[in-house]
Amino acid sequence: MDSGPEELMPRLLPVGDCELMEDYDPAVPPRTPQEYLRRVQIEAAQCPDVVIAQIDPKKLRKKQTVSIALSGCQPAPEGYSPSLRWQQQQVAQFSAVRQSLNKHRSHWKSQPLDSNVMMPSTEDEESWKKFCLGERLYSDLAAALNTENQNPGIDYLKVGFPPLLSIVSRMSQATVTSVLEYLVNWFEERDFTPELGRWLYALLASLEKPLLPEAHSLIRQLARRCSQIRTGVV
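Just so we're clear, the structure is a prediction, and the values are computed from it rather than from any experiment.

What counts, and where the lines are drawn
In this numbering scheme, every chain counts its residues from 1 along its sequence in written order. For a predicted model such as this one, the threshold for reporting local features is a pLDDT of at least 70, and the threshold for listing and counting side-chain atom pairs is 80 or more; totals across whole chains, interfaces and linings nevertheless cover every residue. Computation of side-chain values: all heavy atoms of the structure, hydrogens and water removed. Every helix listed is a DSSP run of H or I at least four residues long, and every strand listed is a run of E at least two residues long, numbered separately from the N terminus. The buried label applies to any residue whose accessible area, calculated with a 1.4 Å probe on protein chains only, is under 20% of its type's maximum; exposed applies above 50%, and partly exposed to all values in between. Residues count as neighbours in contact if any of their non-hydrogen atoms are within 4.5 Å of one another. Areas reported here follow the Shrake-Rupley algorithm with a probe of radius 1.4 Å; residue values treat only the protein chains shown as occluding. Each residue carries a pLDDT value, the predictor's own confidence for that position, ranging from 0 to 100. To count toward a patch, a residue needs a relative accessible area above 30% and no salt bridge. Like charges then connect within 9 Å, nonpolar side chains (Val, Leu, Ile, Met, Phe, Trp, Tyr) within 5 Å. Any carboxyl oxygen of Asp or Glu within 4 Å of a side-chain nitrogen of Lys or Arg constitutes a salt bridge here. Each axis is a line fitted through C-alpha atoms, and for a helix only the stretch in contact is used; angles between axes span 0 to 180 degrees, taken between their N-to-C directions. An angle below 35 degrees is read as roughly parallel, one above 145 as roughly antiparallel, one from 65 to 115 as roughly perpendicular, and any other as oblique. Two helices crossing with the near one rotated counterclockwise from the far one by less than a right angle form a left-handed crossing, whereas a clockwise rotation gives a right-handed crossing. When residues are grouped by polarity, Ala, Val, Leu, Ile, Met, Phe, Trp, Tyr, Cys and Pro land in nonpolar, Asp, Glu, Lys and Arg in charged, and all others, Gly among them, in polar. Aromatic rings from Phe, Tyr and Trp, with only the six-membered ring used for Trp, were paired whenever their centres fell within 6.5 Å, and each pair was classed as stacked if the ring planes differed by under 30 degrees, edge-to-face if by over 60, and tilted otherwise. The set of buried Ala, Val, Leu, Ile, Met, Phe, Trp, Tyr and Cys residues whose side-chain atoms join them within 4.5 Å is what this entry labels a nonpolar core. Two N or O atoms count as a polar contact when they lie within 3.5 Å, although within protein this holds only if one can serve as hydrogen donor and the other as acceptor, and sequence-adjacent residues are included solely when both atoms are side-chain atoms.

Student: Could you clarify how one ought to interpret the overall build of the chain in this entry?
Tutor: When helices and strands are counted, the chain shows 11 helices and zero strands. When the helices and strands of the chain are placed in sequence order, the string is α-α-α-α-α-α-α-α-α-α-α. Expressed as a percentage of the 234 residues in the chain, the buried residues total 24%. Taking contacts inside the chain between residues at least 6 apart in sequence as the whole, the part at least 24 apart equals 71%. Split by element, the accessible area of the chain, about 17,300 Å² in all, is 55% carbon and sulfur.

Here's what the structure looks like:
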């Protein structure tokens, strides 16, 4: 037995009985609230249970790109503008890195982490900055700690953990976006460093499409900051 509409979706408002007149004309506005609700019921009953969208498969086969407006960026000084060929090479290399990361994400996620790797929670901004940049850079003590270079091995707590695939593959998209925001905001007030550059590149490569509005905003913010440094406006 077919289920009535009230069994599938109960009424939120009571609708009294209202029989439409024989001269019912849908083009004429309803005269009473009951008549209006009755018309809604009739129109809903006439809608098909399943609607199939007409999609042209040829349009889906075309290569889809993401376009981000970079308003507010300073033009490159004379002699500092990269060539079109160089830009195309960087885009191709970055695309290859993204595809490789997505393809092997599950493999790297299953790899064990070293015992000293303790990934912070997504909301812990200060711990993530220390994790990525190291306590030296975070505390602005890099120049004062050169004597410790005599010790064998690498103390990642001081110099920061590199963006290993086994680490970034474990990061959810929410964590990737949050950490990217932490580092971009850090970059707004400080100079560029190799540690920062490695993590920014890895996080950008880890973003999945379609990009969220937050990711669009962070990329624009990062581009503006980079253009300021390139033009010497600090």
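Next, the rest of the story.
Student: Explanation requested: the confidence of the model for the chain in the structure shown.
Tutor: Detail in the predicted coordinates should be disregarded across regions flagged by low pLDDT. Taken over all residues, the pLDDT of the chain has a mean of 80, while the share at 70 or more is 76%. Every residue in residues 141-152 is under pLDDT 50, and counting partners more than four places away or in other chains gives six contacts.

Student: Could you clarify how one ought to interpret a nonpolar patch on the surface in this entry?
Tutor: Residues Tyr-36, Leu-37 and Val-40 make up a contiguous nonpolar surface patch of about 250 Å² in total accessible area. By secondary structure assignment, the location of Leu-37 is in helix α2 (residues 33-46).

Student: Looking at this structure, I do not really get the packing of helix α6 (residues 125-138) against helix α9 (residues 173-188). What am I missing?
Tutor: Helices that pack against each other are described as a pair by the angle of their axes relative to one another and the distance between those axes. It is the contact of α6 with α9, at a shortest axis distance of 9 Å, that shows an interaxial angle of 45°. Between α6 and α9, the angle is such that the two are oblique. Our pair here, α6 against α9, has a crossing hand that is right-handed. Facing α6, whose interface residues are Glu-125, Trp-128, Lys-129, Cys-132, Leu-133, Leu-137 and Tyr-138, α9 presents Thr-175, Val-179, Tyr-182, Leu-183 and Trp-186. Classifying every residue of the contact of α6 with α9 gives nine nonpolar, one polar and two charged.

Student: What is the right way to look at the packing of aromatic side chains in this model?
Tutor: Each aromatic ring pair is characterised by the separation of its centres together with the angle its planes make. Going through the model one piece at a time under the given rule, you end up with five aromatic pairs. Between the aromatic rings of Trp-128 and Phe-131, the centroid separation amounts to 5.3 Å while the plane-to-plane angle is 75°, which identifies the pairing as edge-to-face. Taken together, the residues Trp-128 and Phe-131, both in helix α6 and three residues apart, mark about one turn of the helix. Here Trp-128 matches Phe-131 in class, with each residue buried. Each ring, one from Phe-187 and one from Phe-192, has its centre 6.0 Å from the other, and the planes form 65°; the classification is edge-to-face.

Student: Help me understand the nonpolar core in this model?
Tutor: What tends to happen in soluble globular proteins is that the nonpolar side chains get buried as a cluster. Ranked by size, the top nonpolar core spans 29 residues in total, and within it Phe-131, Cys-132, Met-171, Leu-183, Trp-199 and Leu-203 carry the most contacts. At the level of secondary structure, the elements contributing two or more residues to this core comprise α6, α8 (165-168), α9, α10 (194-206) and α11 (213-231). Take this core: its biggest share by element is eight residues, from α9. The contact partners of Met-171, leaving out residues within four places of it in the chain, are Met-119, Trp-128, Val-176, Val-179, Trp-199 and Leu-203.

Student: Would you explain the side chain of Gln-221 in this entry?
Tutor: One can find Gln-221 in helix α11. Taking relative accessible area as the criterion, Gln-221 reaches 16% and is therefore assigned buried. Polar side-chain contacts of Gln-221 include one of 3.1 Å to the side chain of Asn-185. Once you skip the residues sitting within four places of it in the chain, Gln-221 turns out to touch Val-184, Asn-185 and Glu-188.

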